[in-house]
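The chain contents come next:
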2 protein chains.
Amino acid sequence: MNVNERIEAVRTLMREKGIDVYYIPNEDDHLSQEYTAEYFQCKSFISGFSGEAGCVIITEDFAGLWTDGRYFTQAENELKGTCVELMRMRQEGVPDALDFLVDAVKEGGSVGYDGRVVSAAVSLGLKRRLAYKKAKLVTEFDLAGEVWGKERPSMPLEPLFTLAKKWTGESTEERIARVREAMKAKNADVLVLTALEDPCWMLNVRGNDIACTPVVYAFAMVTMRSVSYYVNLKKVDEKLKTYFRDNKVTLKGYDQLAKDLAKLHGKKIWASMNQLNTHLYASLAEDNSIINETSPITMFRAIKNSTEIRNLKNAHVKDGVAMVQFIHWVKENVGKGDMSELSAQNYLYDRRGEQKDYIEPSFHTICAYQANAAMMHYSADENNFAMVKPRGVLLVDSGGTYKDGTTDITRTIALDELSETEKKYYTMVLKGHLALARAKFLYGTAGVNLDILARGPMWQMDIDYQCGTGHGVGHVLSVHEGPHGIRWGLPRKTEGERFEPGMIVTDEPGIYLPHEIGIRIENELLVVKGTKNFYGQFLAFENVTYCPYDLDAVDVKYLNDEEIDQINDYHAMVYEKLKDLLNESDRQWLCNACRKIARS
Amino acid sequence: MNVNERIEAVRTLMREKGIDVYYIPNEDDHLSQEYTAEYFQCKSFISGFSGEAGCVIITEDFAGLWTDGRYFTQAENELKGTCVELMRMRQEGVPDALDFLVDAVKEGGSVGYDGRVVSAAVSLGLKRRLAYKKAKLVTEFDLAGEVWGKERPSMPLEPLFTLAKKWTGESTEERIARVREAMKAKNADVLVLTALEDPCWMLNVRGNDIACTPVVYAFAMVTMRSVSYYVNLKKVDEKLKTYFRDNKVTLKGYDQLAKDLAKLHGKKIWASMNQLNTHLYASLAEDNSIINETSPITMFRAIKNSTEIRNLKNAHVKDGVAMVQFIHWVKENVGKGDMSELSAQNYLYDRRGEQKDYIEPSFHTICAYQANAAMMHYSADENNFAMVKPRGVLLVDSGGTYKDGTTDITRTIALDELSETEKKYYTMVLKGHLALARAKFLYGTAGVNLDILARGPMWQMDIDYQCGTGHGVGHVLSVHEGPHGIRWGLPRKTEGERFEPGMIVTDEPGIYLPHEIGIRIENELLVVKGTKNFYGQFLAFENVTYCPYDLDAVDVKYLNDEEIDQINDYHAMVYEKLKDLLNESDRQWLCNACRKIARS
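Residues numbered from 1 in each chain as written. Chains lettered and ligands numbered in written order. Predicted model: local features only at pLDDT ≥ 70, side-chain atom pairs only at ≥ 80, totals over all residues. Heavy atoms only, no water.

Re the interface of chain B and chain A
So the rule is basically this: Contact criterion: two residues are considered in contact whenever any of their non-hydrogen atoms come within 4.5 Å of each other. A quick way to say it: buried area is the sum, across both parts, of accessible area lost when two parts are put together, with a 1.4 Å probe. Should a side-chain nitrogen of Lys or Arg be within 4 Å of a carboxyl oxygen of Asp or Glu, the pair is scored as a salt bridge. Two N or O atoms count as a polar contact when they lie within 3.5 Å, although within protein this holds only if one can serve as hydrogen donor and the other as acceptor, and sequence-adjacent residues are included solely when both atoms are side-chain atoms. Labels follow the DSSP assignment, with helices taken as runs of H or I lasting at least four residues and strands as runs of E lasting at least two, numbered in each case from the N terminus.
Counting residues at the interface gives 38 residues for chain B and 38 residues for chain A. Summed over both partners, the interface of chain B with chain A buries about 3300 Å², with 53% contributed by carbon and sulfur atoms. The largest per-residue losses of area from chain B upon contact with chain A belong to B:Gln460, B:Asp462 and B:Tyr535, which jointly make up 20% of the total buried on that side. Measuring nitrogen to oxygen at the nearest pair gives 3.5 Å for the salt bridge that ties B:Asp462 to A:Lys440. Counting every contact that joins chain B to chain A gives 16 residue pairs in polar contact (both at pLDDT 80 or more). Those elements giving two or more residues to the side of chain B that touches chain A turn out to be strand 21 (440–442), helix 17 (447–459), strand 25 (510–513) and strand 27 (523–533) of chain B. With 6 residues, the single largest contributor to the side of chain B that touches chain A is helix 17 of chain B.

Here is the structure:
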């Protein structure tokens, strides 16, 4: 079946069930926002759009894919020749997907979706809005799944593994105790953990259920006396069973959670309506009271402890070694034989793979040549890749999950002498990147307050990068983790959290000119304490990514003295960290890459 | 009675009425946040603190004044020798005033305040919180007013006047029609206008009920067929009565609103719970439904029309003339005879007074010498002023209300050669001021996104100014008007509004070192449209304040080329605007003040 046929098949099922408007979101049953198991990628199956953000809405005479600015170019390409209309989110005249849903249904009609992959918060909101039109909400059918049928990948069954205290800094017992303290402070009887990362963090376990993300499809439920872990028991070997028994964790089947929730009565249950799916929410009896707040583990994960910080810096040193080997190789070999986006990214995978305690890439590498780099989340594959030629730039956004931490770094590599304009763009991106990295700010500051530092140089040129400036990074977990982040505008409800010492956030401004060029520079920054005085507690960022910027791409005339000093200091630090871990050829290359620059 | 005796008198009344905790806010019965008629200044009467922000809480054994960073130094001075404890808002360990209120009342006790000066939103929130402690809320007694007794100033009775269309750009009929359109869009039957500025704007009337703010103590109620204006009829002369009759506006007594509200049944009433006082809210019958949103006039006032913009620029030209005459006079005369903060500010009042269509100062001038300038809202008076000597700086924050607009400007004047450190501080404040003024930003940007541009240079030195960076300015109304503003942190509910073309916002970073020095530089900026392209609609600021910075206070070594160009361009513009309106001596002085600077 091609995309149009799939959509027709969904429409046939819609008519059978009496559904007028059908919604296919991007999430899984844990409401993961971005990366999910293949089993859950219904939106991609139905529309042909492979990006990690977006949703599909189908009516009798319309099919639309909503996605955001990072994916416009990719979606345009992938939707070509289908009946699916691209709905460019947040562009003038483009309705919000949920608003469209409500508008599209006729008086007394019905809206449908699979309630397992939509949050209770969304369903409760929609129900209220649909009531005005006397329209129904039907959440029990997975129509895209039905169309997918036997071809649909099965739920992952990858084995679990544990992370020792030397990696996480805290035993499972200590982490459970910390969670219970948070519950006590809110008088919660029960805490329901639905975000994929939460049980992993609390129980010091990891898995391999999602490509490049070491999480486990599992839920957990915590009371003052018990911890239940809901997971497909086939994933747990005997050794692991002993581990859970020793930590007083009861193992239960993955589907058992809904039944256990239904047994709760008169309890104070901590479960965020944004993190609990509609199906699980429906199983709760009405005589419970709900603490509708984000799980306390969100913040526990975001604020790294001293062991995690020591370890993640070590991971970044190893990552820096791999990156230096890679960039040196690219610069030396481009134009000397066939180099493709694919062969380049494989070379980098291999270099990371040689590093100690490496687990896997922390996300699919973006290795994009020149115009391809304008697609922020471009991904080369066997069917679609470009050759890398000795002109323009190669943008490489990649990272590794090591037992000691998760990395995320972007470098844009000049493949030859760049044009004046290309250098200007690279330097402007670098200026923004540096301004954010050197910021000092009072406690209480949030990402929305700092975004302009990175974005400002682009806005001054009437250019925008249509995405955030930075995101949190998990510890041997998801490479994108909240609650904090750096973006402009007014904070959405679940964001805009204040910076706390110990948080990691990326600093990744860019310029993306469709069909021309893409430039991005990304480091990870650690939030650290600065001066405490009369005005309060100042915070600052510490760079934990160790890899040179590309001085071949810099036009010094756009830099001021402060910026030049900052680059020289950073490069001196990078050289110091890496020089003894490289072979002589790479070391010499790095020494030159970290050369001191000056105003001409 | 001194302050301690007044507080004891309140305590006596509290015991009589069975009130455990008594709250005295800063607001009037329109919930004005800052400037109010003297009649409403109970907080100042009771505590002796004369600042424009804060509140008092009294219990059996505690009396506290809560105020924010702008007023710490002033409050310390004014509270000296009283039993009133200074509660420094937003400092570590200082509870929020309303949290304190809830904590301080005992189980089953009671909290009291005058419901006329507290919003329905606050009362509804408190009621819910007090219910947990089975505590009561008593809102019918004005205990501070009772203690004040016969000494209390009466409600103002100043006459009204009208503003013709040539000043406001819209007739009263047109404005009422615009309001009704907004009501129609929300299906509102009734709109209740409680903010002091709202009826003034809609009816093109002004008054003189609050010092330096040309508003009228009045309410209005709008339906699709009627407009009622609730005002003390003694303020309205025959000519005005005709004016209102011609515009189909019914005049009613000030106290009639509560009675008219009580008559509404089954209506959809637009009234913000933040703008409606508890007393008025209580008069509404339960069978109405409430649209709890800010009045549409808030946004109408904030976005200036083309006539208002043309006029306000004219007001700023006149204001610039007065400021240039003043600064020239200060620089020339300091050290040559007695110059005091008072005589200086009077000289400035006189210069503004000579300008055409001048009405009054737009707020009490802050004319503060050196260390006094560290008190952000310092105000010299006959009992308390400093002599201005030929060293250090004079900070002057002042403005005028003209028929063509309202101005607000701050200049910090070097009275002699400044020290290295003083120059550094002045230049850092200027750098922040310039960075905000030259910002370009996409539509959707809010004040919380831009604050760091102005504040950044101070934060980089581990210094903060403990207030916002900018506020909206009314048109021949209040000098501080929302909904927008520029500050850091997460937006409070009623703030954080996006910038719209036509808004005015101030740009006023500063440095305030207690007992040492205060520096602030303030211009007003107009939000204007920039490029519209692929990325969206860019906005930018246009400077509408025309007065030179003090180059004698600038240390060029801290400025980069971009900043130097910006200063030179601004000064060229200022000189061009003012040169033909000054006498030869002032013109020559201005010419030198606007001299071109260069990197040394």
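Considerations on the relation of the copies chain B and chain A
Here is the rule we go by: Least-squares fitting of one copy onto the other uses the C-alpha atoms of those residues that reach a pLDDT of at least 70 in both copies.
Least-squares fitting of chain B to chain A yields an RMSD of 0.0 Å, with the superposition described by an axial translation of 0.0 Å and a rotation of 180°. Those values place the two copies in the arrangement expected of a two-fold rotation axis. Considering only C-alpha atoms, the residue of chain B closest to the rotation axis is B:Asn449, which sits at 2.4 Å. With an isologous cut-off of 70% or more, the 100% of interface residues of chain B that recur at the interface of chain A puts this contact in the isologous class.

Concerning the sheet that holds strand 20 (residues 409–414) of chain B
All names here are of chain B. The cut-off we apply is this: Two strands are counted as paired when DSSP detects at least two bridges linking them. For helices, the fitted axis covers only the stretch in contact; all axes are lines through C-alpha atoms, and the angles between them, taken along N-to-C directions, range from 0 to 180 degrees.
If you trace the 3 strands from one edge of the open sheet to the other, you get 16-17-20, paired in antiparallel fashion. Every other strand in the sheet has two partners, leaving strand 16 (366–369) and strand 20 as the edge strands with one partner each. Adjacent strand axes in the sheet meet at a mean angle of 10°, parallel and antiparallel pairs treated alike. The pairing of strand 16 with strand 17 (residues 393–398) spans 4 bridges and is classified as antiparallel. The residue bridging isoleucine 366 from the neighbouring strand is aspartate 397, located in strand 17.

Some words on the packing of aromatic side chains
Stated formally: The criterion for an aromatic pair is that two Phe, Tyr or Trp rings (for Trp, the six-membered ring) have centres within 6.5 Å, with stacked assigned to planes under 30 degrees apart, edge-to-face to planes over 60 apart and tilted to the rest. The buried label goes to any residue with under 20% of its type's maximum accessible area, the exposed label to any with over 50%, and the partly exposed label to all in between, with areas taken from a 1.4 Å probe on protein chains only. By definition, being over a ring means that NZ of Lys or CZ of Arg is both within 6 Å of the ring centre and within 35 degrees of the ring normal.
Across all of its chains, the model carries 44 aromatic pairs over all chains by this definition. Here the aromatic rings of A:Phe538 and B:Trp459 are separated by 6.5 Å at their centres, their planes lie at 85°, and the arrangement is edge-to-face. Taken as a pair, A:Phe538 in strand 28 (residues 536–543) and B:Trp459 in helix 17 lie in two separate chains rather than in one. For A:Phe538, a relative accessible area of 1% corresponds to the buried category. Following the ring pairs from residue to residue traces out a cluster consisting of A:Tyr39, A:Phe40 and A:Tyr217. Positioned over the ring face of B:Phe300 is B:Arg178, at 4.5 Å from the centre of the ring. In this structure, B:Arg455 is placed above the aromatic ring of B:Tyr465, and the distance from its NZ or CZ to the ring centre is 4.0 Å.

Details of the environment of B:Ala53
Residues and elements named next belong to chain B. Within the secondary structure, alanine 53 is located in the loop between helix 2 (42–47) and strand 2 (55–59). Each C-alpha atom, one on alanine 53 and one on arginine 70, is 9.0 Å from the other, the two residues being 17 residues apart in sequence. If we ignore the near neighbours within four places in the chain, the residues touching alanine 53 are Asn26, Lys43, Trp66, Thr67, Asp68, Arg70 and Tyr71.

What about the pattern of salt bridges?
It is possible for side chains bearing opposite charge to pair when their charged atoms get close. Residue and element names in this part refer to chain A. According to the stated counting rule, one finds 88 salt bridges over all chains in the structure shown. The salt bridge partner of glutamate 354 is arginine 351, with a shortest N-O separation of 2.5 Å. Residue classification places glutamate 354 among the exposed residues on the basis of a relative accessible area of 51%. On the accessibility criterion, arginine 351 (13% relative accessible area) is buried.

Overview of the sheet that holds strand 18 (residues 400–402) of chain A
Residues and elements named next belong to chain A. An order of 15-18-19 is seen for the 3 strands of this open sheet, with the pairing classed as antiparallel. Each of the sheet's edge strands pairs with one partner strand only, and the pair in question is strand 15 (358–361) and strand 19 (405–406). Taken together, the 2 bridges between strand 18 and strand 19 define a ladder with antiparallel strand orientation. The residue bridging threonine 401 from the neighbouring strand is threonine 406, located in strand 19. Where helix 14 (residues 306–333) meets the sheet, its contacts fall on strand 18 and strand 19, and the angle it forms with strand 18 comes to roughly 130°.

Focus: the packing of helix 18 (residues 561–578) of chain B against helix 19 (residues 584–593) of chain B
All names here are of chain B. For clarity, the threshold we go by: Each angle gets one of four labels, with under 35 degrees taken as roughly parallel, over 145 as roughly antiparallel, 65 to 115 as roughly perpendicular, and the rest as oblique. We call a crossing left-handed when the near helix sits turned anticlockwise from the far one by less than a right angle, and right-handed when that turn is clockwise.
Remark: helix 18 packs on helix 19, axes separated minimally by 9 Å, with the N-to-C direction vectors making an angle of 165°. Looking at the two axes, helix 18 sits roughly antiparallel to helix 19. Crossing of helix 18 against helix 19: the hand is left-handed. When helix 18 is examined against helix 19, the residues His571, Val574, Tyr575 and Leu578 are found in contact with a partner set consisting of Arg587, Leu590, Cys591 and Ala593.

Focus on the confidence of the model for chain A
To keep things clear, this is the line we draw: Across the chain, each position has a pLDDT score giving the predictor's confidence in that residue, from 0 to 100.
Across chain A, pLDDT averages 96, with 99% of residues at or above 70. Both scores are available for the predicted complex, with the pTM at 0.92 and the ipTM at 0.90.

Overview of unusual backbone geometry
All names here are of chain A. Note that the residue after glycine 482, namely proline 483, is joined by a cis bond; omega there is 5°. Residue placement: proline 483 occurs in strand 23 (residues 481–486). Positioned with a positive phi, glutamine 370 is a non-glycine residue whose angle comes to about 45°. Here glutamine 370 shows up in the loop between strand 16 (366–369) and strand 17 (393–398). Residue classification places glutamine 370 among the buried positions, given a relative accessible area of 17%.

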